[in-house]
6 protein chains.
Amino acid sequence: MPRTKGYAPADAMVSPRFSGIRTFMRLPHREELDGVDLAIVGVPFDTGATYRVGARFGPEAIRSGSALLRPYNPAQDIQIFEHLSIVDAGDLRVVPGYLPESVESIAAGAARFFESSVIPVFLGGDHTISWPLLRAAAATHGPLALVHFDSHSDLWDSYFGGKDTHGTPFRRALEEGAFDAAHSIQVGLRGPLYGPEDLALSRDQGLEMITGPELHERGVPWTLERIRERVAGRRVYLSFDIDFVDPAYAPGTGTPEVGGFTGAQCLQLLRGLADLDIAACDLVEVLPAYDPAGITALLAANLVYELVSLLAMRRKDDAARSARA
Amino acid sequence: MPRTKGYAPADAMVSPRFSGIRTFMRLPHREELDGVDLAIVGVPFDTGATYRVGARFGPEAIRSGSALLRPYNPAQDIQIFEHLSIVDAGDLRVVPGYLPESVESIAAGAARFFESSVIPVFLGGDHTISWPLLRAAAATHGPLALVHFDSHSDLWDSYFGGKDTHGTPFRRALEEGAFDAAHSIQVGLRGPLYGPEDLALSRDQGLEMITGPELHERGVPWTLERIRERVAGRRVYLSFDIDFVDPAYAPGTGTPEVGGFTGAQCLQLLRGLADLDIAACDLVEVLPAYDPAGITALLAANLVYELVSLLAMRRKDDAARSARA
Amino acid sequence: MPRTKGYAPADAMVSPRFSGIRTFMRLPHREELDGVDLAIVGVPFDTGATYRVGARFGPEAIRSGSALLRPYNPAQDIQIFEHLSIVDAGDLRVVPGYLPESVESIAAGAARFFESSVIPVFLGGDHTISWPLLRAAAATHGPLALVHFDSHSDLWDSYFGGKDTHGTPFRRALEEGAFDAAHSIQVGLRGPLYGPEDLALSRDQGLEMITGPELHERGVPWTLERIRERVAGRRVYLSFDIDFVDPAYAPGTGTPEVGGFTGAQCLQLLRGLADLDIAACDLVEVLPAYDPAGITALLAANLVYELVSLLAMRRKDDAARSARA
Amino acid sequence: MPRTKGYAPADAMVSPRFSGIRTFMRLPHREELDGVDLAIVGVPFDTGATYRVGARFGPEAIRSGSALLRPYNPAQDIQIFEHLSIVDAGDLRVVPGYLPESVESIAAGAARFFESSVIPVFLGGDHTISWPLLRAAAATHGPLALVHFDSHSDLWDSYFGGKDTHGTPFRRALEEGAFDAAHSIQVGLRGPLYGPEDLALSRDQGLEMITGPELHERGVPWTLERIRERVAGRRVYLSFDIDFVDPAYAPGTGTPEVGGFTGAQCLQLLRGLADLDIAACDLVEVLPAYDPAGITALLAANLVYELVSLLAMRRKDDAARSARA
Amino acid sequence: MPRTKGYAPADAMVSPRFSGIRTFMRLPHREELDGVDLAIVGVPFDTGATYRVGARFGPEAIRSGSALLRPYNPAQDIQIFEHLSIVDAGDLRVVPGYLPESVESIAAGAARFFESSVIPVFLGGDHTISWPLLRAAAATHGPLALVHFDSHSDLWDSYFGGKDTHGTPFRRALEEGAFDAAHSIQVGLRGPLYGPEDLALSRDQGLEMITGPELHERGVPWTLERIRERVAGRRVYLSFDIDFVDPAYAPGTGTPEVGGFTGAQCLQLLRGLADLDIAACDLVEVLPAYDPAGITALLAANLVYELVSLLAMRRKDDAARSARA
Amino acid sequence: MPRTKGYAPADAMVSPRFSGIRTFMRLPHREELDGVDLAIVGVPFDTGATYRVGARFGPEAIRSGSALLRPYNPAQDIQIFEHLSIVDAGDLRVVPGYLPESVESIAAGAARFFESSVIPVFLGGDHTISWPLLRAAAATHGPLALVHFDSHSDLWDSYFGGKDTHGTPFRRALEEGAFDAAHSIQVGLRGPLYGPEDLALSRDQGLEMITGPELHERGVPWTLERIRERVAGRRVYLSFDIDFVDPAYAPGTGTPEVGGFTGAQCLQLLRGLADLDIAACDLVEVLPAYDPAGITALLAANLVYELVSLLAMRRKDDAARSARA
């Protein structure tokens, strides 16, 4: 077990990875935030789902799928816990069946992480949660640049007359200025729509968009370059909807879209974002009831791991810069 | 294929039972109610669920599970379609994610069946739906006697501060006088509770209650006698929560309780209710995502079939009485 | 490992039960019948199925499910392989997609067991196979008394105009005199029918019938007595359709019927038939594709084991009688 | 909801996509063909299957998997229902267990679509159905050019002595001149064979062939070019066997072959066929019993959607041409 | 939420039962034992398994299945947390792949609970673990009376030459005097054996035995009486192997035996043991990989709940007695 | 059916591929090795697994998944059974729960194949088995060059203090000189590690390593070239851990790692190794309990088929060379 900065996982060479309470990466479960740099936070809310439902069990599944993760990320050459003290802070309070109440409750619950300068990594939950999470982030950081991987823009105005579903969070967030559209980008959009106006939603709202077919055609390096340019050094909220991935790799989700991306492509994308200044992120729409082999949760846990690795790398660089200064 | 009175299933001797669009029992799908005695009606709503969720796919699964049903019920010696003209009327409109709106929408959608003197048999959906359905029934029939099979009383006042969940429908319905507690009975209640006051909920609200352990100990004939006495000839709304059944027989449900009843016991119970004057009924809480072998939906379809058989028997008796008169 | 008479399973104290090629009970796979008393024979045919299909994989699944079986049956106090030399003879040749050809091929393939005085225990396949198997048995033994556990009579005249499906085998067999209706009995019939005439099929054709509800009401000992009286000492062909069992215990079947029997009741029934003179038997309609937990195949393997135990007990009694004489 | 030409799906902004009877894309279920341009037609036949069986439930699963589809295809910029009036016409009559009778019945059932100038899109069923479907198409259109995506040539002469299995449909169709080999092409063939003569089957019978490894090596654009050249503007019957796709993307099929193609590649292939003059098409070999996560049916529904999009694009072009003329 | 004595579950009326880290019943996760009366302790060891393997994930599954449990047990009229302060103490250390090392490690890990007068309830793990757990119990309490529900005696001397498997724990424990055979009883034994000597194992070793068929025949009250007589007021170690239950109710286990008991019978048995003086208990052999619908883990969680209820009742009685004295 | 040299599969044109006892490719099951060139050998051992467990059922699943394989490999233009006489030799003896005993037993059981000049292809089992298999190979052939496809190096020194797990086999084998590190190579390594020293394990021990990301970036032809150079014409032991493959293609494994390779890439890799002089090979870590759609076992069976094809090609070439000489 390597030297660690603060809170770190149980040692797998002593206690086997299948043992113990299922926190993310077998981290300590702590509500308190003193001495914590980064917190894993569940948001088991799915009342906003418009088709399949069950993402309330997403945090449990991702935690279970994370048991195999080890502290050193060789692809990034980073020993995570030398640079970050991390805990699993449990779940935010939600009110199942009540969208507006839950939006309030989630925003309130998320606030303390930002106020304590702890970077939160949220495990959804359906995509509705990004709205209150962006709101909470903006309260501390001001409107962030949004980097959004998804097969849907989630910018619809309403669904069945309702304004708060998982098809509308970024529209709601935009209306209240919770993120900065001018430096935001959506990646991977694809699948049937209601009409051509849906395709224009991103740009109509001032966001940049890279569709799924474009990403297939132009490739990952081009896409990374576009993201970097768009963000232009600003602080970022990164939101990853697991339906960005192809159903072969992530069947356990609410509105799967065929023609998506492989696990390896997702890793390559996230690993390419090392120079982003990420203030918070979420991974949403994992539905374990539709994931018989558990591969969706496993991939989700690994994607969260890559996000955590990015944050550790950034912290390491900051420390190196401070040391040099 | 026997002589039929009106709308009836496709002939399985001509078109195999696995073929065709999945309506209940392969009945005609018709929205119009002229010439219809009984309608199967889906209510794909599950926003009231407090634990597992996904009963919105219940109507689809029950319809699929009903393909094997044949028109003659030998246990009751009734040739159903000689006495009833039946259609599958599709699904009521619901607004996923919005409890009050859906309650209104379901009550409005159900009204037309009662107004047209068509007996509706509703396929849930979570148990929240019984509240608007009882309200719609009462608007035509006045408050009905409720016969309720379930492992939970669903009489809680609120859940997480919310008043409209699937744990509260009968409390809400009572408050608005939508059924007649004094002639109502709940059967099969069991499983852990929050406190002894929960156990008293039924009686506090004026309903009779037979717990699961009582039913195990006293048996089906005693229970049937108690139901008949309680109802005392009044018009009945029968509500069947599939979690009344043991999880071995019905794993696909939202809040399963062990120590339940077998499929054979359920059949025996429903078959024993031939003298009830049923005005409407529902079967709720089938969650196909938790039903890998499909046995929950199969059993649910068969229970609906027994309910339909009861109604055909009643219609046959009425016709015989009229003929004699 | 006990003393054995001839062919017997691999020793589980030496080679673990999960190892080795999947024959029934890990018996030797031998086509030759010299030195063999009893043979397990697969009949992977399912073209006669009228609803779900896939019983062609039934023999594979039952063999796999039999790995846990051990040689001594304590409920019957019989050390099976002291009295019987048993092999797994592989599968009969079938022609998928071709009913008449397969019926011929199965009858031809089954003949050699009867001709060699080897008792065959057949693993289906759909219930169509009982027709050619009865024909082959009758060629050696004359028409046998049929003891038939099922939720369907399988006595229909035709299905979709076809005469050879799994709903018709006993009608076809009767027409050619392949069993002796006057000493035959069907047990467990239940579920919706096309009309009251279906209920009369058994008796119209001269068989006795005990319905499912009757068995539930009267119990196992009464049923066993009825079977014994009906058979009246004659040689028996025993056919067991796994849909006799309740779907909770046997979900993996083609036309499941709710309200069936438990595994324990099945064991009690078969164990009660020790005085029958069984010439051959089959266990049919196991569909592994609908058996996610494998419990159907496990139960089927155990029911075959009980049948084999009955045959061993008979052989032991015969030997004792010979010794005394 | 956009302006529509005739029959179109239920409006998902009003009734949620999980509600209602499961027709394809939630289209009206109509047997009558007046006012219809294109019909979705199930062919639930699987008696021709030589290995796994159960494609009789394919149409049900594809319909269920199609619920998420929306009317506008952004990859092709086509608003489908502005150009085509589409219904779900239910299933053709089949006779399970009887190959020759079913071939006749399917051909007869398919004829009326061609005779009414309605473009049929067939949902299988096993691949046997392409034979009668090609026959019916030829009766109206003359022998069509066949574009065939599959991992098997399905050109064997016989199987187990039988001539009508899902391994032989195109051989049978060729023998009766039901398609035009000289302008036909098979794409994606791969996997173990009986001998080198199998590899030559396509060319021996006068068809062109692109093997799976060739497609992997040369890519989609080259393949599209080859298809276009081969077809040379003729009317086309397009047949898509889901086992063309890799088992990771389409596990639910009867004779899966590893080393196949991704969902994204399938979309790219079908989207590239916009200039084909398609008279009819089928998508076959979806077996839901082997599709625990439902991704096979989801992909199949999307592939059908792409085929329908091609037909809408063609209709739009024709209309534009007419308008210009 | 009722008044509680000490550590108790999260309040389900505030935080929904699907939220939070998966400890047993959503109890606090604490390693420290001050202020604790009873601890739930996982023992994720399965190297002793002789057939299916995977019980190392049993504790995770049982914890997940326990989320629905509520604090008041109406069948026993006990408000658990008024009488007991309970924590989830996590898992004991095990060494997968190493039987002797794990036996030592488990015994050592269990010791501190007994030494601290905390009643431990262990979640297995395969049945091997009962051996070191009995050893640890005996070190504090002296040899306990064993009440053992199982379909196997687990008294074999060795398996494949190995002495430490899940078929041998009670033999090993007996050899070192870790429990008191003269007041011990095994209940539910059934299934095929190697020979009649296996049937005699229990009595040869001085234990009493009630076979599965006996329990079926004589019923639960008779069995309870026999247990009480045998135990005769001594301190008890209760061990419950989930394969005591029928595979329909508990498919997810390592060596399932058909012909078992229902969930309701298990509840009735455990609820009938209120006067036992239980010093420790275990529930073993839950294998989630074979439990697709999760009903095994759900039942296991409920059986643990009944054991905890018994302990709360005993504590309440003791307190009442003290108060009266 | 083509001309065959010796032992060959049952003829699928006569007996359907779903019929018969499940040996690999429906080959004869023979323990004797006379007249045999190549033997398929199961090694159902999984006590070395450090996370998920159940590879003891791997040989059964791979055999079942191999039923579809046909004798001619068109990608390599080889008619396998013209050049090789092949049997399924059943399983080696293992002692579940006992690592050292099993290592001895496996080495002893494997020896006879090498001593008889029969090429063994081993079906695991967890990766621990490669250690005794390499030892047995070295006893006859001297230390072989190892070509190892895996996402883990399996070169750790110990796990939980244990030296014999599936994370350590190649370390143990190296210590006893059982293979030749200087001509060995590991391909596909990826996933989180304990620290940077883990990444250096391969090279520290003298092996060459190609990581997963390198293989993604450089491609298959470059990798094949590296393998060939490394091996440099020496005799090879090829070990293929199914977790080399991406979880979308091979979910059924013990320690899955995302970001892996497709089935098509695996085929391309193995097909590119035709000039290797393979003395033995294994395919390990298939866990059917985590493989609900069976695609892992199907792919594994196909990869074994490609290995067998390589051996047939080599034999053909040798024969041609001999003939020329």
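Before going into details, it helps to say that this report is about the structure given with it.

## What to know about the environment of V41 of chain E
All names here are of chain E.
Consideration 1: As for its position among the elements, V41 is in strand β1 (residues 38-43).
Consideration 2: Using a relative accessible area of 1% as the deciding quantity, one classes V41 as buried.
Consideration 3: Residues V41 and D243, 202 residues apart in the sequence, show an inter-C-alpha distance of 20 Å.
Consideration 4: Ignoring any residue separated from it by four or fewer positions in sequence, one finds V41 in contact with A89, G90, L92, F113, P120, V121, F122 and L123.

## Observations concerning the relation of the copies chain C and chain E
Consideration 1: You can overlay chain C on chain E at an RMSD of 0.0 Å; the transform is a turn of 120 degrees with a shift of 0.0 Å along its axis. Those values place the two copies in the arrangement expected of a three-fold rotation axis. Judged by C-alpha distance, A248 of chain C is the residue of chain C that lies nearest the rotation axis, at 3.3 Å.
Consideration 2: Interface overlap between copies is the fraction of interface residues in one copy that are interface residues in the other; for chain C against chain E it is only 10%, indicating separate surfaces.

## Some remarks on the sheet that holds strand β5 (residues 119-124) of chain F
All names here are of chain F.
Consideration 1: As summarised here, the arrangement of the 8 strands in space is β4-β1-β5-β10-β9-β6-β7-β8, forming an open sheet in which the pairing is parallel. Edge positions in the sheet fall to β4 (86-91) and β8 (208-211), since each has one partner strand and no second. Neighbour-to-neighbour, the strand axes of the sheet open up by a mean angle of 15 degrees, direction not taken into account.
Consideration 2: Together, β1 (38-43), β4, β5 and β10 (277-284) form the strand contacts of helix α1 (residues 58-65), whose direction differs from that of β5 by roughly 110 degrees.

## Some details on the interface of chain F and chain A
Consideration 1: Contact with chain F, which involves 31 residues of that partner, is made by 29 residues of chain A.
Consideration 2: Summing the contributions of chain F and of chain A, the shared interface buries around 2,500 Å²; its carbon and sulfur component is 68%.
Consideration 3: Linking chain F to chain A there are 0 salt bridges.
Consideration 4: Going through the elements one at a time, α6 (196-199) and α8 (212-218) of chain F are the ones with two or more residues in the side of chain F that touches chain A.
Consideration 5: For the side of chain F that touches chain A, the per-class residue count stands at 18 nonpolar, 10 polar and 3 charged.

## A few points about the packing of helix α1 (residues 58-65) of chain C against helix α11 (residues 295-324) of chain C
Residues and elements named next belong to chain C.
Consideration 1: The geometry of α1 relative to α11 is characterised by a closest axis approach of 8 Å and an angle of 75 degrees between their N-to-C directions. The angle between α1 and α11 places the two elements in the roughly perpendicular class. In this structure, α1 uses A61, I62 and G65 to contact α11, whose residues at the interface are A297, L298, A300 and A301.
Consideration 2: Residue composition of the contact of α1 with α11, by class: 6 nonpolar, 1 polar and no charged.

## Points about the sheet that holds strand β4 (residues 86-91) of chain E
Residue and element names in this part refer to chain E.
Consideration 1: Ordered by their spatial adjacency, 8 strands build an open sheet running β4-β1-β5-β10-β9-β6-β7-β8, and the pairing between neighbours is parallel. Two strands bound the open sheet, and with one partner strand each, they are β4 and β8 (208-211). When the angles between neighbouring strand axes are averaged without regard to direction, this sheet yields 15 degrees.
Consideration 2: When strand β7 (residues 185-189) meets β8, the two strands line up parallel, connected through 4 bridges. From the neighbouring strand, I185 faces β8, where its bridge partner is E208.
Consideration 3: The sheet strands contacting helix α1 (residues 58-65) are β1, β4, β5 (119-124) and β10 (277-284), and the helix crosses β5 at an angle near 110 degrees.

## Remarks on the relation of the copies chain F and chain A
Consideration 1: Superposing chain F onto chain A takes a rotation of 120 degrees plus a shift of 0.0 Å along the axis, which leaves an RMSD of 0.0 Å.
Consideration 2: An overlap of only 10% is found between the interface residues of chain F and their copies at the interface of chain A, pointing to separate contact surfaces.

## Focus: the interface of chain C and chain E
Consideration 1: Counting from both sides, the interface comprises 29 residues of chain C and, opposite them, 32 residues of chain E.
Consideration 2: Across the chain C to chain E interface the summed buried area is about 2,500 Å²; carbon plus sulfur atoms make up 68%.
Consideration 3: Across the contact surface, chain C and chain E share 0 salt bridges.
Consideration 4: On the surface where chain C and chain E come into contact, there are 3 residue pairs in polar contact (both at pLDDT 80 or more).
Consideration 5: Among the secondary structure elements, those contributing two or more residues to the side of chain C that touches chain E are α10 (263-271) and α11 of chain C.
Consideration 6: Per element, the largest residue contribution to the side of chain C that touches chain E is 5 residues, and it comes from α11 of chain C.
Consideration 7: Among the residues making up the side of chain C that touches chain E, the classes are represented as 22 nonpolar, 4 polar and 3 charged.

About the thresholds
Along every chain, residues carry numbers that run from 1 in the direction the sequence is written. Labels follow written order: the first chain is A, the first ligand is 1, and so on. Only residues with pLDDT of 70 or above have their local features reported here, since the model is predicted, and side-chain atom pairs are shown and tallied only from 80 upward, although totals for entire chains, interfaces and linings are computed over all residues. Working from all heavy atoms in the structure, the side-chain values ignore hydrogens and water. In this text, helices come from DSSP runs of H or I with a minimum length of four residues, and strands from runs of E with a minimum of two, each type numbered from the N-terminal end. Here the term buried applies to any residue with accessible area under 20% of the maximum for its type, exposed to any over 50%, and partly exposed to those in between, with areas from a 1.4 Å probe on protein chains only. Any two residues having at least one pair of non-hydrogen atoms within 4.5 Å are treated as being in contact. Superposing the copies works by least squares over the C-alpha atoms of residues that have pLDDT at least 70 in both of them. Two strands make a pair as long as DSSP finds a minimum of two bridges between them. Between N-to-C directions, angles span 0 to 180 degrees; the directions come from axes that are lines fitted to C-alpha atoms, helices contributing only their stretch in contact. Values labelled buried area give the accessible surface lost by two parts on being combined, using a 1.4 Å probe and summing over both. A pairing counts as a salt bridge when a side-chain nitrogen of Lys or Arg comes within 4 Å of a carboxyl oxygen of Asp or Glu. Under the scheme applied, nonpolar residues are Ala, Val, Leu, Ile, Met, Phe, Trp, Tyr, Cys and Pro; charged residues are Asp, Glu, Lys and Arg; polar residues are all the others, including Gly. Here roughly perpendicular refers to angles of 65 to 115 degrees, roughly parallel to angles under 35, roughly antiparallel to angles over 145, and oblique to all remaining angles. Polar contact is defined as a pair of N or O atoms within 3.5 Å, subject to the rule that within protein one atom must be able to donate a hydrogen and the other to accept it, and that residues adjacent in sequence are counted only when both atoms are side-chain atoms.

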